Amino acid sequence: MATAFTPRVLSGIQPSGGLTLGNYLGALKRFVEMQDAGTHECLYCLVDLHAITVWQDPQALRRNTREAAAAFMAAGIDPARSILFNQSQVPEHAQLAWVFNCVARMGWMGRMTQWKDKAGKNSENASLGLFAYPALMAADILIYHATHVPVGEDQKQHLELTRDIAAKFNHDYKVDFFPITEPVIEGPATRVMSLRDGTKKMSKSDPSDMSRINLSDDPDTIAQKFRKARTDPEPLPETYAELKDRPEARNLVDIYAALAGISTDEVMAQHAGAGWGQFKPALADVAVETMGPITAEMNRLMGDPAEIDRIVGDGARRASDIAAPILAKTYDIVGMISSR
Ligand code: TYM
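Everything numeric in this text was worked out from a predicted model, so none of it was measured. (Residues numbered from 1 in each chain as written. Predicted model: local features only at pLDDT ≥ 70, side-chain atom pairs only at ≥ 80, totals over all residues. Heavy atoms only, no water.)

Visitor: Which parts of the structure should I look at to understand the overall build of the protein chain?
Guide: Helices and strands together make up the secondary structure of the protein chain, namely 13 helices and 5 strands. For 340 residues, the compact-globule estimate of 2.2 N^0.38 gives 20 Å, and the protein chain sits close to it at 21 Å. The principal-axis extent of the C-alpha atoms belonging to the protein chain is close to 70 × 45 × 45 Å. Relative to its 340 residues, the protein chain shows a buried fraction of 51%. Taking contacts inside the protein chain between residues at least 6 apart in sequence as the whole, the part at least 24 apart equals 76%. Counting only carbon and sulfur atoms, one obtains 52% of the accessible surface of the protein chain, whose full area is about 15,900 Å². A distance of 5 Å separates the average location of the 36 positive side-chain charges in the protein chain from that of its 43 negative side-chain charges. (Helix = DSSP H or I, 4+ residues; strand = E, 2+ residues; numbered from the N terminus. Rg over C-alpha atoms; globule rule 2.2 N^0.38 Å. Buried < 20%, exposed > 50% of the residue type's maximum accessible area, 1.4 Å probe, protein only. Contact = heavy atoms within 4.5 Å. Areas by Shrake-Rupley, 256 points an atom, 1.4 Å probe, with all protein chains shown as cover. Lys, Arg positive; Asp, Glu negative; His and termini not counted. Charge placed at Lys NZ, Arg CZ, Asp CG, Glu CD.)

So, in structure tokens, the structure goes:
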């Protein structure tokens, strides 16, 4: 009989820079919705060990990690209802990742598009950690027997690999121990695109700051970035379907819908025929209205870094209480002798 697993959500964000509107709409906003639905136990982590797979300045990493924790809380993650923590403070992640390094195959890792994109032609010089990255991500999820993982579209392949690792472990050791986790890739903004190029995703690592809206941007900067966003010369059409071959225009409509909490059809009904000189300021207004209070609260929380550290430290202890017995059982399954 298949094991029944507790409904449990885990997801994470890399504190490798300030969070973007893509992180907010594709992930953070969804994290809050899943917390508020009350159907799952929720764990959310700042994946600092993943961040160092590429070079991070230590001071900047510490600041970005605290700022990301502040952004989570400002966006509505309640540390009393969700477990909010730093990945490096729960050593079971790295310990289970080692076991998964021995389960996953080199070929699986080599096929990851994120690895190919990030390592590029210079893979000889990429860190070993960057190659093994997806095994650590699988460990983040499976160390809690998480059943559901809300993410943006770009993480789909990593979640398929997580399922492959769980299935191979269960098969090799003839157990039904790890759940086959479900990705939750939902909502109107699972892939927010760059404001400079509608074929590239919005990313904190893009060299151009004009390509993204940061959670820390002030209203003037937000308005300026949308004003300068690349578009085509045509006004907005009658229907969303007509935006099929207009990636930049479609992206701005998607962002509007996600921020305003309405459907893309409603955006079209409200703005059909509008030129960019009309639509872009309207978009900036919705963005400032939604993000302004979050940015203000994030900045307020950043005024007391010790309190942020206390909150995530408490989260790490609660996370460890769930992780420790799962790691112990994993070690037992693979044949490690427990200490007395
Ligand atoms: P990361 O830090 O790149 O992004 C964090 C989350 O934000 C989503 N996201 C986007 N969604 C829509 N449009 C965008 N432009 C956009 N950019 C980012 C991502 O899909 C993600 O959900 N490997 C992960 C971090 C991770 C993780 C995990 C996630 C580590 N362990 C365990 C889930 C479960 C990453 O690099 O995400």
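Okay, back to it.
Visitor: Looking at this structure, I do not really get the packing of helix H10 (residues 247-260) against helix H12 (residues 276-302). What am I missing?
Guide: A pair of packed helices is captured by two measures, namely the crossing angle of their axes and the spacing between those axes. It is at 9 Å that the axes of H10 and H12 come closest, and there the two elements cross at 35°. The crossing of H10 and H12 is left-handed. Each of Ala249, Leu252, Val253, Ile255, Tyr256, Leu259 and Ala260 in H10 lies in contact with H12, whose residues at this interface are Trp276, Phe279, Lys280, Ala282, Leu283, Val286, Ala287, Thr290 and Met291. Taken together, the residues of the contact of H10 with H12 break down into 14 nonpolar, 1 polar and 1 charged. (Axes fitted to C-alpha atoms, helices over the stretch in contact; angles between N-to-C directions. Left-handed = near helix turned anticlockwise from the far one by under 90°. Nonpolar A, V, L, I, M, F, W, Y, C, P; charged D, E, K, R; others polar.)

Visitor: Explain H10 to me, please; I cannot follow it from the model alone.
Guide: The end-to-end C-alpha separation of H10 is 20 Å, in line with the 20 Å expected for 14 residues at 1.5 Å each. The element H10 is extensively covered by neighbouring structure, given that 11 of its 14 residues are classed as buried. For H10, the set of buried residues is Glu248, Ala249, Asn251, Leu252, Val253, Asp254, Ile255, Tyr256, Ala257, Ala258 and Leu259. Buried residues in H10 make contact with helix H1 (21-37), helix H9 (219-228), helix H11 (264-271) and H12. Downstream of H10 by a residue or two, glycine 261 has a phi angle that is positive, lying close to 70°. (Expected span 1.5 Å × (residues − 1).)

Visitor: Explanation requested: the pattern of salt bridges in the structure shown.
Guide: Two side chains bearing opposite charge may form a pair once their charged atoms approach each other closely. Tallying each qualifying case throughout the model produces 22 salt bridges. Salt-bridge contacts for arginine 30 lead to glutamate 33; the nearest nitrogen and oxygen are separated by 2.6 Å. A residue pair is termed a helical-turn pair when its members lie 3 or 4 positions apart in one helix, as arginine 30 and glutamate 33 do in helix H1 at 3 residues. The salt bridge involving aspartate 154 is made with lysine 201; its shortest N-O contact spans 2.6 Å. Of the two residues, aspartate 154 sits in the loop between strand S4 (148-150) and helix H8 (156-172) while lysine 201 sits in the loop between strand S5 (182-184) and H9, which places them 47 residues apart along the sequence. Classification of lysine 201 by relative accessible area gives partly exposed; the value is 31%. (Salt bridge = Lys/Arg side-chain N within 4 Å of Asp/Glu carboxyl O.)

Visitor: I'm lost on the packing of aromatic side chains in this one. Help?
Guide: Note on aromatic pairs: each is described by the distance of the centres and the angle between the planes. The final tally for this structure, using the stated rule, is 10 aromatic pairs. Relative to phenylalanine 178, the ring of phenylalanine 169 has its centre 4.9 Å away and its plane inclined at 75°; by these criteria the two rings are edge-to-face. For phenylalanine 169, a relative accessible area of 0% puts it in the buried group. The buried category is assigned to phenylalanine 178, whose relative accessible area is 1%. (Phe/Tyr/Trp six-rings, centres within 6.5 Å; stacked < 30°, edge-to-face > 60°.)

Visitor: Where do I start with unusual backbone geometry in this structure?
Guide: Glycine aside, a negative phi is what most residues show, and trans is what most peptide bonds show. Although it is not a glycine, histidine 145 adopts a positive phi angle of roughly 50°. Judged by relative accessible area, histidine 145 falls into the buried class, the value being 12%. With phi around 50°, lysine 174 is a residue other than glycine that occupies positive phi space. You can see lysine 174 is positioned in the loop between H8 and S5. Overall, lysine 174 belongs to the exposed group, its relative accessible area being 74%.

Function cannot be inferred from these measures alone, as they are strictly geometric.
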